[in-house]
Protein chains: 2
Amino acid sequence: MNISRAHPRFLSLSIRERLANAVKDGIMVPQGLIAHGRGEAFDYLLGEKTTVAASKATLAAAALLLKAEFPVLSVNGNTAALVGREIVRLSQMLSAPIEVNLFHRTRQRERVIAQYLKRLGAREILGAGEEARMTIRGIASPRRETDPRGIGRADTVLVPLEDGDRAEALQRAGKKVIAIDLNPLSRTSQVATISLVDNVVRAVPGLIKAATGLRNFPRGKLLTIIENFDNEKNLAITIREMIGYLRGWATD
Amino acid sequence: MNISRAHPRFLSLSIRERLANAVKDGIMVPQGLIAHGRGEAFDYLLGEKTTVAASKATLAAAALLLKAEFPVLSVNGNTAALVGREIVRLSQMLSAPIEVNLFHRTRQRERVIAQYLKRLGAREILGAGEEARMTIRGIASPRRETDPRGIGRADTVLVPLEDGDRAEALQRAGKKVIAIDLNPLSRTSQVATISLVDNVVRAVPGLIKAATGLRNFPRGKLLTIIENFDNEKNLAITIREMIGYLRGWATD
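These figures come from a predicted structure and were not determined experimentally.

The rules behind the values
- Residues numbered from 1 in each chain as written.
- Chains lettered and ligands numbered in written order.
- Predicted model: local features only at pLDDT ≥ 70, side-chain atom pairs only at ≥ 80, totals over all residues.
- Heavy atoms only, no water.
- Phe/Tyr/Trp six-rings, centres within 6.5 Å; stacked < 30°, edge-to-face > 60°.
- Helix = DSSP H or I, 4+ residues; strand = E, 2+ residues; numbered from the N terminus.
- Buried < 20%, exposed > 50% of the residue type's maximum accessible area, 1.4 Å probe, protein only.
- Lys NZ or Arg CZ within 6 Å of the ring centre and 35° of its normal.
- Least-squares fit on C-alpha atoms with pLDDT ≥ 70 in both.
- Contact = heavy atoms within 4.5 Å.
- Salt bridge = Lys/Arg side-chain N within 4 Å of Asp/Glu carboxyl O.
- Pairing = 2+ DSSP bridges.
- Axes fitted to C-alpha atoms, helices over the stretch in contact; angles between N-to-C directions.
- Parallel < 35°, antiparallel > 145°, perpendicular 65-115°, else oblique.
- Left-handed = near helix turned anticlockwise from the far one by under 90°.
- Nonpolar A, V, L, I, M, F, W, Y, C, P; charged D, E, K, R; others polar.

Notes on the packing of aromatic side chains
And then number 1: Summed over the entire model, instances satisfying the criterion amount to 4 aromatic pairs over all chains.
And then number 2: On the numbers, 6.2 Å between centres and 85° between planes, the contact of F42(A) with Y44(B) is edge-to-face. Taken together, the residues F42(A) in helix α2 (residues 30-45) and Y44(B) in helix α2 (residues 30-45) connect one chain to another.
And then number 3: Assessed through its relative accessible area of 13%, Y44(B) is described here as buried.
And then number 4: Chaining the aromatic ring pairs together yields one cluster made of F42(A), Y44(B) and Y245(B).
And then number 5: The cationic tip of R153(B) hangs over the ring face of F70(B); the distance from NZ or CZ to the ring centre is 3.8 Å.

As structure tokens, then:
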């Protein structure tokens, strides 16, 4: 590549290069790059940092994952490319299985992602292959198919970079949904039990840190953290942060 | 593809499919998809419609293009893929040459885009090949190279989907810059003479329509339209529209 280090957006452009390579490797589909761009724009409106509201959501999410009977981490191509290593680590900490769940689904891509995560240390990856064919009703994409050993029986699901359709269906199926989504207005953010409006490259390390801190907390204390968290209010605070950022530009 | 028509974002997902094909054809680079996604997010905050402020900017831009001694239309991969046909039409209306100018530049891609635009009716495409090697100072990307028969001698340049680096350098070189950029906070929008904060698929047809309406206006009237337009104020109004949209979500 021919981008000068002097270019003001060198760092962001380098991340873009990395994602373009994930497409070449078959981990991501081209459409995933568009979704990433959407996220970039919202991150920009948050000043590209983890807000106080996001930190609160992260703490509540870590408590919910630790309290869960059977938590599952759902992974798509973008998540694997951006934070594959951290997802494997979180899975090990929580003894929570990883399930591949793709919007643009092919057997080939399921396999490539599963192999990639195994190279990063994962023992087993659910959701790839013939067994992953339990249907969740009300989803208008191949994401409806889940693994009966994974999301199919989970009580809590971490869904980074989700589409709203499935987040809603998982909620309706009685599961707790933890979303990571930079758009606080998205259906995913709006319907999730807990919404982390944060860049996945900051949010997943944040979850690992929070879960480490809460690991030995008694169940009662975890419950208090969860009950004290108000997702709707937290989202409103996040939206107000974006408004504040924009307001700084609209003075004339 | 396997997206159901019942999916709530079917239309937006179909456009994404089209762009993914433009990458396959070599017109766009994968990084262009990320840039498109960024635009999508800002469009979403504008309600995915042309605002009153954008219409005002479009009218002033059409007047500026009609008044110009030597206007040039700069085209990159995203612009070609999204509005190639409309750019060719605008070029014919204004007798303004089209110049290919790429951030991720290869001879091969210059050729593919030039051929594509010629199939859509363009007679000549500048910027492709050896002659397009006049350097504009202060640009940290291959976009610094321009055609001395095109942007090199232009007094007014239309730059859809630009990076701020070049928009700034063109301004410094004494040219009038008309930007089409959905991000009102971007350096491009901030430094341009006239910024159309609108989706390029609405903005270029809008320019054609406005130019048709103003075609027979005397020079003095065009000047009045241009002089009455205040880009800074117009951008502030646009940002306030986004704030208004976000505010509707932050009531709790």
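Topic: the relation of the copies chain B and chain A
And then number 1: Rotating chain B by 180° and translating it 0.0 Å along the rotation axis places it on chain A, where the RMSD comes to 0.0 Å. Such values leave the two copies arranged in the relation of a two-fold axis.
And then number 2: When you check the interface residues of chain B against chain A, 100% turn up at the interface there too, and the contact is symmetric in its surfaces.

Considerations on the pattern of salt bridges
And then number 1: Here the structure, examined in full by the defined rule, presents 19 salt bridges over all chains.
And then number 2: With its nearest N and O atoms 2.9 Å apart, the salt bridge here joins R149(B) to D147(B).
And then number 3: Of the residues examined, R149(B) reaches a relative accessible area of 35% and is grouped as partly exposed.
And then number 4: The network of salt bridges with common partners includes R16(A), E40(A) and R38(B).

Notes on the sheet that holds strand β6 (residues 156-160) of chain A
Residues and elements named next belong to chain A.
And then number 1: With respect to topology, 6 strands assemble into an open sheet ordered β3-β2-β1-β6-β7-β8, the strand pairing being parallel. For this open sheet the edge positions go to β3 (125-126) and β8 (194-196), each flanked by a neighbour on one side alone.
And then number 2: When strand β2 (residues 98-100) meets β3, the two strands line up parallel, connected through 2 bridges. Each residue of the ladder has a partner; that of E99, found in β3, is L126.
And then number 3: Sitting on the sheet, helix α4 (residues 77-94) is in contact with β1 (71-75), β2 and β6, with an inclination near 165° to β1.

Brief notes about the packing of helix α3 (residues 52-67) of chain A against helix α9 (residues 219-227) of chain A
All names here are of chain A.
And then number 1: Closest axis-to-axis distance for the α3/α9 pair is 9 Å, and the angle between their directions is 140°. Classified by the angle their axes make, α3 and α9 are oblique. Seen from above, α3 lies across α9 with left-handed handedness. Counted together, L59, A60, A63, L64, L66 and K67 of α3 and R219, L222, L223, I225 and I226 of α9 form the full contact between these two elements.
And then number 2: Counted by class, the contact of α3 with α9 contains 9 nonpolar, no polar and 2 charged residues.

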